[in-house]
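Descriptive analysis of the structure
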Amino acid sequence: MSTLTRPNHIGRKISRLRELKDMKQEALAQALGTSQQTVSAIENSETVDEEKLIEIAKVLGLSVEAIKNFSEEAVFTYFNTFYDNSQGTVGNYNTCNFNPLDKLMESVEQNKSLYERLLESEKEKISYLEKLLNSK
């Protein structure tokens with residue numbers, strides 16, 4: 001029984017990370033100041049020179065180490081650790097730490113205060129215009 005090790009194909013990793021970021025080869029090429037064909041060649045290469053890898057990492061918003069250590073299996077394992085919340089259980093995520101009704105009432109109070117100030121301002125304008133009109 002032989003154990004085959006998969007090569008560390010940097011080009012495939014770049015391709016997959018680019019796809020996960022919803023970026024087309026043309027967009028990556030434009031950001032790198034190169035052609036789409038060059039990006040295609042890079043993604044088909046098993047190795048990429050360090051300078052080019054640094055440029056690609058910067059465009060993708062990743063570190064060089066993130067590209068080198070990327071594993072699709074690890075991504076799937078990570079997402080499979082989440083569980084379905086449809087059973088009514090509440091985890092430590094997506095919980096609201098304030099009462100939305102309190103925020104709504106706070107907003108209403110602020111708007112009421114603003115409305116009252118605007119109303120007072122309009123009353124002052126009317127009073128001023130009436131004085132001007134009466135003085136003539």
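What counts, and at which threshold
- Residues numbered from 1 in each chain as written.
- Predicted model: local features only at pLDDT ≥ 70, side-chain atom pairs only at ≥ 80, totals over all residues.
- Heavy atoms only, no water.
- Helix = DSSP H or I, 4+ residues; strand = E, 2+ residues; numbered from the N terminus.
- Buried < 20%, exposed > 50% of the residue type's maximum accessible area, 1.4 Å probe, protein only.
- Contact = heavy atoms within 4.5 Å.
- Arc of directions from axis to C-beta.
- Core = buried A, V, L, I, M, F, W, Y, C linked by side-chain atoms within 4.5 Å.
- Salt bridge = Lys/Arg side-chain N within 4 Å of Asp/Glu carboxyl O.

Structurally, the position occupied by K21 is in the loop between helix 1 (10-20) and helix 2 (25-32). We classify K21 as partly exposed; its relative accessible area is 43%. When the C-alpha positions of K21 and G61 are compared, they lie 9.5 Å apart, and in sequence the two are 40 residues distant. Apart from the residues lying within four places of it in its own chain, the contact partners of K21 are L60, G61 and L62.

This part covers helix 3 (residues 36-43). Within helix 3, burial applies to V39, I42 and E43. For helix 3, the arc enclosing every buried residue in end-on projection is 95°, short of the 170-degree limit, so these residues lie on one face. In the core, the buried residues of helix 3 are packed alongside helix 1, helix 2 and helix 4 (50-60).

Right, let's get into the nonpolar core. By size, the foremost hydrophobic cluster in this structure holds 16 residues, and its most contacted members are I10, I14, V48, L53, I56 and I67. Put simply, the parts of the chain that give this core at least two residues each are helix 1, helix 2, helix 3, helix 4 and helix 5 (64-68). The element best represented in this core is helix 4, accounting for 4 residues. The contacts of I67, once residues within four sequence positions are left out, are I10, K13, I14, L17, L53, I56, A57 and L62.

Here we take up unusual backbone geometry. The backbone phi angle of D22 is positive, close to 60°, even though this residue is not glycine. Within the element layout of this structure, D22 appears in the loop between helix 1 and helix 2. Assessed through its relative accessible area of 72%, D22 is described here as exposed.

This brings us to the pattern of salt bridges. Going through the model one piece at a time under the given rule, you end up with 4 salt bridges. Two residues, E19 and R16, come together in a salt bridge whose shortest N-O distance is 3.3 Å. Of this pair, E19 and R16 both sit in helix 1, 3 residues apart, which is roughly one turn of the helix. You can call E19 partly exposed: its relative accessible area is 40%. With relative accessibility at 25%, the residue R16 sits in the partly exposed group. When the shortest N-O distance is used, the salt bridge between K68 and E50 registers 3.4 Å. Here the residue K68 occupies a position in helix 5, and E50 occupies one in helix 4, the gap between them amounting to 18 residues. Judged by relative accessible area, which is 41%, E50 ranks as partly exposed.

What follows concerns the environment of E55. Relative to the assigned elements, E55 resides in helix 4. In sequence terms E55 and L32 are 23 residues apart; their C-alpha atoms lie 7.1 Å from each other.

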